Amino acid sequence: MSQQKPIKLSIQIESEDGAPINIKSIQINDQVFVPENQDDEYSPDTEDEEKVSIDIPLATTAIVPEVLELNTEGQHTIPVESVPQTQAQKPLQPSADFNTLEEFGGNSFYRMFWGKLSYTKLNDSQTTVSYEGGEDVFDASFVGKWLEPSRIHKCALDFPETGRNYFPGALAVVYSRVIEVIDGKHLIVDFAYNGGNASSPKTATNQDGIFFFDNKLAINSWSGAAMRKDVLKANAGQIYACLGMPRINVKQDSTLNFAGISGAEQPAIHLMMSDAFNGDKDGKGEGVLISFKETFGENYVFFDLPSQGKVSIDFDWQFIPPTYSQKVVQYGVPDCYFFYDKAAYSQQYGLKRVSNKNQFRIRDAMKKALGFVRPGVAFSMPNQGYCNGGGIHDGREIKEFCTYRFEGNWLGKNPNNMKARTSGGLRVEWIGESKENPGNFIEMESLKAYRFDELKFKFLSNASLEVDDPNFTWYHLASQEWTGGNSTGYEASSLRVNGKTIGLNTNGDFWLVYGDEDVASRGLSAHRLSFFDKIPKPGDIISQDLQDIKKNSLIAKLSDTNFEVWGWAIQEGDQLSYAGKNFTVKKTERKWKTWEQFAAQYSNPPERLKRADRKITYTEIELNQPVSASLAELEFQVVKGGLTACLDGKEISGCSAVWNFGNDAPGHLMYIDYNVNLIMKDVRIHGMIRSTSKPLWAETSTALSGNISSIPVGPLGATIWKRGDKLQLADPESGLVTEVELITDFSGNAGKLLIKPIKLSGEFPAQSILTALYSLCQEASFENVNFVEEDLRPCYSERIDYRPQGLRLRQMITKNDSCRVKINGGRISWYSNLDNRFEPEVEITNHPHMINPKSVVPVLLNPVVSDKKGIHFGYQYKQAGEAEIFVLSRVVVRDGKEIDLSNSVLGSDLYLEGNGDIVLNGLKSENFIDNGRDTGVGFNLVVQDKFMATKSLELKGQNGKAGLMVNTAYPTGALKIDFKKWELIPALFNNEGFQSKQNKNDARYSDFVKISDS
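Residues numbered from 1 in each chain as written. Predicted model: local features only at pLDDT ≥ 70, side-chain atom pairs only at ≥ 80, totals over all residues. Heavy atoms only, no water.

> Can you tell me about the pairing of strand S38 (residues 615–623), naming the residues and giving the values?
With eight of its nine residues buried, S38 lies for the most part within the structure. The pairing of strand S35 (residues 562–565) with S38 spans four bridges and is classified as antiparallel. In the sheet register, Glu 564 faces S38, and the bridge partner there is Glu 620. Bridging between strand S37 (residues 581–594) and S38 involves nine bridges; their strand directions are antiparallel. Each residue of the ladder has a partner; that of Glu 589, found in S38, is Glu 620. (Buried < 20%, exposed > 50% of the residue type's maximum accessible area, 1.4 Å probe, protein only. Helix = DSSP H or I, 4+ residues; strand = E, 2+ residues; numbered from the N terminus. Pairing = 2+ DSSP bridges.)

> Now, about unusual backbone geometry: what can you tell me, with residues and values included?
A negative phi holds for most residues other than glycine; trans holds for most peptide bonds. If you check the backbone angles, Glu 454 has positive phi at about 55° while not being a glycine. If you trace the backbone, Glu 454 turns up in strand S28 (residues 451–461). Residue classification places Glu 454 among the exposed residues on the basis of a relative accessible area of 62%. Phi is positive for Asn 959, which is not a glycine, with a value near 60°. Along the chain, Asn 959 falls in the loop between strand S69 (953–958) and strand S70 (963–966). Given the relative accessible area of 41%, Asn 959 is considered partly exposed.

> Quick rundown of helix H7 (residues 805–814)? Include the residues and the values.
For H7, the buried fraction is high: eight of the 10 residues fall into the buried class. Every buried residue of H7 is accounted for by Gln 805, Gly 806, Leu 807, Arg 808, Leu 809, Arg 810, Gln 811 and Ile 813. Buried residues in H7 make contact with strand S44 (697–699), strand S46 (726–731), strand S47 (736–741), strand S49 (769–771), strand S50 (780–787) and strand S51 (821–824). Positive backbone phi, approximately 55°, marks Lys 815, located one or two places after H7. (Contact = heavy atoms within 4.5 Å.)

> Explain the sheet that holds strand S64 (residues 916–919) residue by residue, including any values.
Judged by pairing direction, the sheet is parallel, and its five strands sit side by side in the order S61-S64-S69-S71-S73 without closing on themselves. Of all strands in the sheet, those bounded by a partner on one side alone are strand S61 (898–900) and strand S73 (1009–1011). Each strand axis lies, on average, 10° off the axis of its neighbour in the sheet, ignoring direction. With six bridges joining them, S69 and strand S71 (residues 975–980) adopt parallel strand pairing. Its bridge partner lying in S71, Leu 955 is registered against Ile 977. (Axes fitted to C-alpha atoms, helices over the stretch in contact; angles between N-to-C directions.)

> Mind laying out the pairing of S35, listing which residues take part and the relevant values?
Of the two faces of S35, both are covered, the one formed by Asn 562 and Glu 564 as well as the one formed by Phe 563 and Val 565. Sheet analysis places strand S34 (residues 554–557) next to S35, joined by three bridges and oriented antiparallel. Paired with Ala 556 across the two strands is Glu 564, which belongs to S35. Turn length for the S34-S35 hairpin, with the two strands adjacent in sequence and antiparallel, is four residues.

> Please set out the packing of aromatic side chains residue by residue, giving values where relevant.
Applying the stated criterion across every chain, the model contains 59 aromatic pairs. Aromatic pair Tyr 175 and Phe 212: ring centres 6.2 Å apart, planes at 90°, arrangement edge-to-face. Of this pair, Tyr 175 sits in the loop between strand S7 (171–172) and strand S8 (176–183) while Phe 212 is found in strand S10 (residues 204–212), placing the two residues 37 residues apart along the sequence. Of the two residues examined, Tyr 175 and Phe 212, each falls in the buried class. With a centroid separation of 6.1 Å and an interplanar angle of 90°, the aromatic rings of Phe 459 and Phe 531 are classed as edge-to-face. Taken as a pair, Phe 459 in strand S28 and Phe 531 in the loop between strand S32 (528–530) and strand S33 (541–543) lie far apart in primary sequence, 72 residues in all. Accessibility classification places Phe 459 together with Phe 531 in one group, the buried group. Across from the ring centre of Trp 222, 5.1 Å away, lies the NZ or CZ of Arg 228, which sits over that ring. Above the plane of the ring of Tyr 796 lies Arg 827, whose end atom (NZ or CZ) is 5.6 Å from the centre. (Phe/Tyr/Trp six-rings, centres within 6.5 Å; stacked < 30°, edge-to-face > 60°. Lys NZ or Arg CZ within 6 Å of the ring centre and 35° of its normal.)

By themselves these figures say nothing about function.
Quick look at the structure:
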């Protein structure tokens, strides 16, 4: 370092409680420095001074080597007045009621520049950043601050083990730090940006940049300070940036409130982690890179919660997520959590509230200044949280809930992952401002990569290739089925070249040939890849070889024309020869089989092959003419291969890399379980709500009666019931319930539970239920919940896969009919799983629009329409250039119940079945709309069995208007219809308005089917 170049040194020293210590003077290299605002005249060696000697080495930052092509997509004319945006006001002064972040070393320095910066490489480790406007904007306060630039750097292909973190091989954001301000329009940062071209660095103009102070440590210091206030406050609109996720280690029995100015724009924390890479070299998705730690810290969690005690958090600041994010299939981009409770059996409780009003504040500023949003800008919120439960109980019932309440909006790639595996004490709430101003909770599917097109491939051999693209590397495609995890299941990844497909197989193929947990055989790097199925070229041999598994490629003969080929990328139209005769591949189909099935071709297979849990992927081919030879005799020679032309060493344009699952990545909008208390009010949602089924009850293995002191049960799978707990022994079918008290802890395994001796008042048959009320959820409510697309347009097909069976069990044990799933208005789907023993009852109010639950039959079991306002059933949907789509609805009545669907509206056919009564007063049908034209034809009530045999079903109603079809030939008397003042209108496929498969000639038919218009 040049001795003439001045060094600007910043030091923050804190006491044990986190408060800054005032420095009277500091001595460096025998020179004394006194603060500029020092009131007293400096006097050395006064008696009350504390002299401290500290050796401070100058920090050196690892610089990324040269790295490769600027994506010019979206480059528009920059508005003239695209001036930098700065903090609007000074920080608040601390008071007795609250702290400010500045007390703990924080700094709201945050300067945004849109389209007005240019970046010119100065040398191998530095870049000159220039402001292209007319005024001076840089000053000494910028020195030491961090810079988030646009995507102006083609990152190195080298893997970033240490030093500056970057996404290898991609055009990406790389952070740097200001080391010198030259003048008001020029400064120097400590990284050599290449303008998107590694081989020939160039100046990048009309670019953006956000200069900021890293407040990560300041936030950590406040949260951990012994003498901190419960409230952290900041001025309206103040933004505190953090390079990496700040971590607040929450102590039990604590309160943390983030407050702003009432009625004004929220203060904000902007997480600076754009294009961060935390994959591993082999694409397994494991570990934390040293370069990630050195750049962003090693934290992924904002609030790290304790396992017990009351925790009250009110986060009324705006959390602004990272500006840019790489679009990956599964691995490479860090997953962060807002809340994290890692305890297996959490007893933490209290309200944790987050108000998220405008996560796109900075994106909106960009768009206002530039007139567009740059490619790759994401601002995707982190996961709301991970937990296994929460809440506290008294051994019988929940006394305090652990509540996570999210208000406003939350748009992210994977919004929620909260489960209640230990009790019914967890509540998750999504709350909007009002019905008129709903919140938006959206799975951002647009950020989930599943297809990368217009790539350029260059094949290096018949089993390896390389790619060079600013927006794609092989790390973008890494996934658990192919490169990581323990999945050896179905092939999900493939390549498309010249209209042909090369499957990339799974872990199961590589591990079978190269050994368990093998990763090296893929040869994975940012730009290079070795694949399993070789490209066949003339002269290659495809045959069975039981001595060398690497050469064993003809693994089964299904018939004289059908064979199974493994390890070769055989294509339709390929030609093979055998015994002087040529054969053409007529058809190919990708299939899988287990290792155990693969081993069937061996007379004495190795022990390691005897596994049904691992699979290989192969191609079944059909030839144009038969081959009579046995599998052992066959030795096909390749005559012509459809992919052979790829092996000429030339670059091939228009290629694709594909993840076959589309954007339905695990997690979806929510990934919860059946025991969560789930409350949604005044919100629009997009994405599937997925849940796991781990019911917290056990079934008795024998009948019980008389005096008992133990209860034999099957497994529960959790060790949550403890000595002294009061459990409920229930026979749900008869309604018999008795409370028992444990005298030992329950292991969770099948066996006998020891209880205080008790005399039963009746007989409990085998498969009666033993549970704790504290194990059962208490509420599931959806009020004014509307399905939308990601862009907030109305959506008519989405799925809530959440079946709170514990709610129904609670209803049966306590005989409390408020324990129902409640749907109040909105546009929503629901489906009942008729196979569940305790499928919850659904109470419906305010005439909701019930639409399609994607991929399952839309069926409601015994719905309770308590306000008699009815339901809007089904919909029709028309997309430009496509046929009209109709999604029917279905209602099942069971157990002799009466359900009242009066005042309902048919937006498509409504199917009815079961055993009981259905009331249909005032039911009306909408008309079928054909390409915007009202046809005057309506929809039908359709009586047809699907889930059960109808033996006694009665439909009754008056003042209705709809078609009626009886599609099952019920015996006379099994179906009763009593419609008065009913208008049978022409309906779809029912021009007369009524048709029936029952025997109308039966003399008793008219006694049971009565339909009149008066």
